[in-house]
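Summary of the model geometry
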Amino acid sequence: MPLETLVFETSHCRVSKIVESGKLIAISIQEGGGESLDGLGDGFDWSDLIGDIEWGIVTPFRRTVFEALIGNVPRGGLITYGELASAAGLPGSSRAVGSALSSNPWPLVVPCHRVVRSNGHIGPYSAGSGISTKRSLLISEGLEIDAKFRFDQKNLMKIAREAREATIQTKM
């Protein structure tokens with residue numbers, strides 16, 4: 001039987017991890033109103049939970065996508081769906097990557113909120129309250145996201161280029 005453990009709680013949200021047999025099977029984000037998720041990343045490093053992930057509950061394709069995201073996009077960074085597909089060794093698979101991310105059982109640990117559209121819009125988010133949660137998470141990581149959910153593409157190009165170079169270096 002899964003065990004739910006409270007990880008973080010504010011007046012605006014509650015984050016829980018769901019563990020079964022010692023393995024992380026899900027992260028749950030429940031928002032209680034308000035636009036801010038201030039403090040969500042303060043004092044807790046979500047990447048500390050990567051080693052606890054139960055990879056057996058996702059397909060090999062999804063695992064490849066999730067591991068490419070974890071390995072290439074640090075806190076405060078952004079990458080497009082297409083760049084993530086390339087970083088995962090799956091060029092041209094941006095829609096499949098988006099589909100894999102839309103059913104991410106470990107938001108925050110596998111930081112799918114850092115994957116954005118190439119047109120300057122942050123795109124959808126399936127955890128918490130959707131796109132407003134994604135916007136709040138990105139703002140909490142120091143990024144500027146306007147009220148229309150748009151980001152500065154100059155930052156994206158720099159981050160995406162660094163991610164691609166990191167991927168090339170690991171394959172040499």
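Scroll up for the structure.
Since the structure is predicted, the reported quantities are computational estimates derived from the model, not experimental observations.

**Topic: helix 4 (residues 131–140)**
When helix 4 is considered as a whole, its buried residues turn out to be T133, K134, R135, S136, L137 and L138. In this structure, the buried residues of helix 4 make contact with strand 3 (23–31), helix 2 (81–87) and strand 5 (115–116). The first or second residue beyond helix 4 is G142, which carries a positive phi of 95 degrees.

**Side note on the nonpolar core**
Residues L24, I27, F66, L69, L84, L101 and W106 are the most contacted members of the largest nonpolar core, which totals 33 residues. Looking at this core, the elements that each hand over two or more residues are strand 2 (13–20), strand 3, helix 1 (60–72), helix 2 and helix 3 (94–102). Per-element tally for this core: the top contributor is helix 1, with four residues. In this structure, L101 is in contact with V65, F66, L69, Y81, L84, C112, V115 and S126, ignoring residues within four places of it in sequence. Of all hydrophobic cores here, the second largest spans seven residues; its members include I122, L138, L143 and I145.

**Some points on unusual backbone geometry**
A positive phi is found at S21, a non-glycine position, where the angle reads about 55 degrees. Looking at the secondary structure, you find S21 in the loop between strand 2 and strand 3. Although it is not a glycine, F149 adopts a positive phi angle of roughly 65 degrees. By the element assignment, F149 lies in the loop between helix 4 and helix 5 (153–171). Judged by relative accessible area, F149 falls into the partly exposed class, the value being 22%.

Rules behind the numbers
- Residues numbered from 1 in each chain as written.
- Predicted model: local features only at pLDDT ≥ 70, side-chain atom pairs only at ≥ 80, totals over all residues.
- Heavy atoms only, no water.
- Buried < 20%, exposed > 50% of the residue type's maximum accessible area, 1.4 Å probe, protein only.
- Helix = DSSP H or I, 4+ residues; strand = E, 2+ residues; numbered from the N terminus.
- Contact = heavy atoms within 4.5 Å.
- Core = buried A, V, L, I, M, F, W, Y, C linked by side-chain atoms within 4.5 Å.

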